[in-house]
Structures are given as structure tokens and as C-alpha cells.
Amino acid sequence: MYKFERGTLKMNKYVKRGFCLVLAAGLIATSFAGCKKINYVTEGAIQAIHEIKDGSWLEAGDEGAATGDEDVSVLEKSFEPNTYGGIEFKSIEDVVNFYVDAYDYSKTLMAQYKDKDGKTQTFYKLLGEEDLQVDHILIDGSSNAVINNLVPGIVGNLYKPGLNGLVPSTNRDPALDTDEWDGNGESLQTSRLVPEDILDANVTDNGDGTITIQLQPKAVNMSIPGKDAQGHVFQSLGAIDSTVDKIEALSWSTGTTADNCKVNYKGGVATVTIDTKTKEIVKADYVMIAQVSVTHANIAVIKDKSASLDVTMKWSFPASDDYLMKSKGVTRA
């Protein structure tokens with residue numbers, strides 16, 4: 001259906017216009033990985049639009065389900081005061097504070113690794129795998145089966161998984177783990193999570209000296225890592241204006257980039273297993289969910305259209321040896 005060639009993106013013209021519209025939302029999704037191919041793909045997509053001569057386009061398909069704005073718990077079971085793994089938890093505040101202590105302690109633990117050049121490096125002991133998924137793609141509120149199958153593959157090809165410490169870490173090297181990607185911001189070696197960030201929580205006693213804590217942060221629009229409820233738990237996207245503004249052919253029928261581009265974070269959950277004696281995090285799965293929407297978009301022959309998609313980012317700790325090697329050429333020393 002599609003393939004990359006120098007300077008262009010070949011695809012069936014039947015889906016060109018829809019793809020170019022949803023590209024604006026898709027590029028936001030890929031920027032979770034700091035995509036460096038934005039201009040390359042955008043130029044190809046815009047060229048595809050200009051190749052359309054007959055104005056053909058598949059009419060709206062199945063209507064997409066409306067998403068509610070209410071921020072509700074997605075946990076199967078909410079917190080109940082009790083003693084778990086020998087630790088008394090009287091409130092959600094106690095749960096959050098225990099998680100913060102475990103997070104901070106776990107990020108003091110280091111391990112040695114061999115990098116791709118064979119040099120020994122010291123990184124966080126607990127490094128994680130990450131994965132990005134894109135689905136629920138809508139154009140003007142409607143879905144199209146062809147585009148639904150096409151766009152996730154394009155985004156997947158652009159996305160390059162990283163290797164970092166416990167989220168919202170931006171690096172595996174503690175010295176570079178800051179809330180700015182260039183390493184010049186404030187340190188993320190300790191958690192900034194506070195009880196007021198959490199919508200719901202849960203604790204489970206695993207019966208083996210560990211407990212599993214679940215945390216669902218409150219919804220946030222345009223979250224920034226380390227700066228808000230979602231960014232205190234997940235490695236969120238941050239500002240998207242500069243990413244969207246790289247699409248030179250994109251303009252707005254009304255409003256500004258800030259008005260027309262939204263990233264709503266809601267319903268994500270952190271599931272963290274902790275050794276109660278040491279407070280070391282031994283296993284963790286973070287699932288962040290964000291709905292990306294672009295409205296009032298003009299791209300070449302497309303006028304005043306909207307597109308949206310859902311982004312699911314998953315981080316799993318600890319990373320497997322296979323992932324370490326494949327993602328960054330790293331092995332445990």
C-alpha cells in the first residue's frame with residue numbers, strides 16, 4: 001500500500017487526502033520519540049495531495065464513538081485502608097508517599113553496562129522498554145478502514161523506542177535525566193508526585209514480601225514531564241507547537257496552533273511492584289493514554305477539517321537483555 005522513497009511517500013491516491021489530514025495528529029504522536037523525520041514525511045504527504053486531480057475521496061465511514069470529558073477511575077478496585085505487606089496504609093496519601101520513597105530509592109541504584117562501542121558505562125539499575133501504539137483515528141469524527149490500517153504503520157516506522165530510567169525519566173544516565181531533553185533542565189532523579197496529583201489508587205499484597213501499587217493521575221491537557229499530575233507519573237509530550245509548526249503547508253481556518261492542537265491525557269495507570277523491606281521497585285508497568293486532536297486544519301486542498309487519534313505509550317521495567325541490545329546496543333556488564 002505504501003513505501004518510502006527519497007522525498008516522497010507513495011500510496012494509493014484513494015487515501016492520500018485523508019492521510020495528509022491525519023498526519024498533523026500523527027506527527028504529534030511520533031514526537032513522543034523525538035521524531036527527526038517530520039519534514040521528510042510531511043513533504044512526501046503534501047506532494048501526494050498535490051498529485052490528486054480528480055478530487056476523489058472516500059466518504060465518511062463508521063461514526064467514531066464520542067469520548068466523554070469526565071475524568072473517572074479506570075481501576076478495577078479502589079483503595080481500601082488496610083495493612084499490605086506489613087505496611088499500614090491509612091489513605092491514598094500514604095500510598096503516594098510510599099511510592100515516592102520507593103521511586104527515589106530505586107533511582108539511587110546503579111549498574112554497569114557495556115555500550116555499543118564496548119565501553120563500560122554506569123546507568124540506572126532499572127531501565128525500561130517502551131512502546132507506542134496509535135489507534136481510534138477519526139477524520140471529522142468518522143473512521144476510515146484504509147487509513148486506520150495505514151497510519152499506525154507509518155507512525156510505527158518513524159518511532160524509535162528509547163531506553164531510560166523510571167518514567168518520567170528522559171535518560172538512562174542520571175546526570176542527563178532532566179525535564180529538558182538537552183539535559184540542561186531540573187533533575188528528574190527524584191519523584192515530584194504529590195497526593196493531589198492522584199485521581200485513584202490501589203494496593204495489593206502479593207504474599208511474597210512485595211506489594212503492587214496502582215496510581216491513576218488526574219487528567220491534564222498538554223502535559224509536560226515533571227511539571228503536572230500526568231508529567232509527575234509519565235514521560236508526557238510537553239509543548240507541541242514547535243512540532244506542528246514544522247508542517248509548513250499546514251494552516252488554520254480559524255485560531256492558532258495552541259487553539260487547534262490538543263493533547264488530552266486521561267485514563268493512564270502506573271502499576272508498580274515494590275519490595276516492602278528495601279523499598280526497591282522490582283517491576284513496573286506504566287500505561288499513558290493521550291488523545292491527540294487537530295481542528296480547523298487547512299492542508300492544500302483540504303479546508304477546515306479535523307482529525308484525532310489516541311496514543312498509548314507503555315513503559316515496562318526491567319528491560320530484557322534482548323531489548324537492551326536491539327534498542328541501544330547495550331548489554332549488562
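The present account deals with the structure reproduced in this document. The numbering scheme is per chain: residues are counted from 1 as the chain's sequence reads. For this predicted model, a pLDDT threshold of at least 70 governs which residues receive local features, and a threshold of 80 or more governs which side-chain atom pairs are given and counted, while totals over whole chains, interfaces and linings are taken from all residues. Think of the side-chain values as coming from all heavy atoms in the structure, minus any hydrogens and water.

1. Looking at the side chain of Ser191
Item 1. Only DSSP runs of H or I covering at least 4 residues are called helices, and only runs of E covering at least 2 are called strands; the numbering of each starts at the N terminus. With respect to the helices and strands, Ser191 occurs in the loop between α4 (145–158) and β8 (198–205).
Item 2. Nitrogen and oxygen atoms within 3.5 Å of one another constitute a polar contact, given that in protein one can donate a hydrogen and the other can accept it, and given that sequence-neighbouring residues count only through two side-chain atoms. In this structure the side chain of Ser191 is engaged in a polar contact, spanning 3.1 Å, whose partner is the backbone nitrogen of Leu193.
Item 3. It only takes one pair of heavy atoms within 4.5 Å for two residues to be counted as in contact. Dropping the residues within four chain positions of it, Ser191 is found in contact with Val100, Tyr103, Asp104 and His232.

2. Quick word on the nonpolar core
Item 1. Residues Tyr99, Ile213, Leu215, Ile281 and Tyr286 are the most contacted members of the largest nonpolar core, which totals 53 residues.
Item 2. Residue contributions to this core peak at 9 residues, all from strand β14 (residues 280–299).
Item 3. Excluding its chain neighbours within four sequence positions, the residues that come into contact with Ile281 are Ala102, Tyr103, Ser106, Leu126, Leu166, Val272, Thr273 and Ile274.
Item 4. The nonpolar core is taken to be a set of buried Ala, Val, Leu, Ile, Met, Phe, Trp, Tyr and Cys residues, with the residues joined through side-chain atoms within 4.5 Å. Categorising residues by exposure relies on relative accessible area from a 1.4 Å probe, with only protein chains included: less than 20% of the type maximum marks a residue as buried, more than 50% marks it as exposed, and the intermediate range marks it as partly exposed. Formed by 9 residues, the second largest nonpolar core is a distinct cluster that contains Tyr113, Leu163, Ala319 and Val330.

3. Let's talk about the sheet that holds strand β16 (residues 331–332)
Item 1. Here a strand pair is declared whenever DSSP counts at least two bridges between the two strands. The strand order across the open sheet formed by 3 strands is β6-β5-β16, and the pairing between neighbours is antiparallel. Each edge of the open sheet is held by one strand with a lone partner, namely β6 (120–124) and β16.
Item 2. Alignment of strand β5 (residues 110–114) against β6, held across 5 bridges, turns out to be antiparallel. Following the sheet pairing, Ala111 is matched in β6 by Phe123.

4. Some thoughts on the pattern of salt bridges
Item 1. Whenever Lys or Arg places a side-chain nitrogen within 4 Å of a carboxyl oxygen from Asp or Glu, that contact is recorded as a salt bridge. Under the counting rule described, the total for this entry stands at 8 salt bridges.
Item 2. Between Lys227 and Asp179 there is a salt bridge whose closest N-O contact spans 3.2 Å. Placement of Lys227 in the loop between β10 (220–221) and α5 (241–245) and of Asp179 in the loop between α4 and β8 is noted, with a sequence separation of 48 residues between them.
Item 3. Given a relative accessible area of 9%, Asp179 falls into the buried group.
Item 4. Measuring nitrogen to oxygen at the nearest pair gives 2.2 Å for the salt bridge that ties Asp321 to Arg332. Of this pair, Asp321 sits in helix α7 (residues 321–328) while Arg332 sits in strand β16, placing them 11 residues apart in sequence.
Item 5. Classification of Asp321 by relative accessible area gives exposed; the value is 53%.
Item 6. Residue class for Arg332 comes out partly exposed when judged on its relative accessible area of 38%.
Item 7. Here the salt bridges share partners, and the residues they tie into one network are Asp179, Arg192 and Lys227.

5. Examining the packing of aromatic side chains
Item 1. Each pair of aromatic rings taken from Phe, Tyr and Trp, with Trp reduced to its six-membered ring, is defined by centres within 6.5 Å and is described as stacked if the planes are under 30 degrees apart, edge-to-face if over 60, and tilted in the remaining cases. According to the stated counting rule, one finds 6 aromatic pairs in the structure shown.
Item 2. Relative to Phe89, the ring of Tyr84 lies with its centre 6.1 Å away and its plane at 55°, an arrangement referred to as tilted.
Item 3. On the basis of relative accessible area, Tyr84 is assigned to the buried category, the value being 10%.
Item 4. Here the aromatic cluster, defined as three or more aromatic residues joined through ring pairs, consists of Tyr84, Phe89 and Phe98.

6. A short note on the side chain of Ser293
Item 1. Checked against the element boundaries, Ser293 lands in strand β14.
Item 2. Overall, Ser293 belongs to the buried group, its relative accessible area being 16%.
Item 3. Once residues lying within four places of it in the same chain are set aside, the contact partners of Ser293 are Asn260, Cys261, Lys262, Ala307 and Ser308.

7. Quick notes on unusual backbone geometry
Item 1. In this structure, Pro168 follows Val167 across a cis peptide bond, with omega equal to 15°.
Item 2. Structurally, Pro168 is set in the loop between α4 and β8.
Item 3. The linkage connecting Phe317 with the following residue, Pro318, adopts the cis geometry, with an omega of 0°.
Item 4. Among the structural elements, Pro318 can be located in the loop between β15 (302–317) and α7.
Item 5. Despite not being glycine, Met222 shows a phi value in the positive range, around 60°.
Item 6. Turning to its location among the elements, Met222 is positioned in the loop between β10 and α5.
Item 7. The phi dihedral of Lys279 falls on the positive side, at around 65°, and the residue is not glycine.
Item 8. Summarising the element assignment, Lys279 is placed in the loop between β13 (269–275) and β14.
Item 9. Classification of Lys279 by relative accessible area gives partly exposed; the value is 27%.

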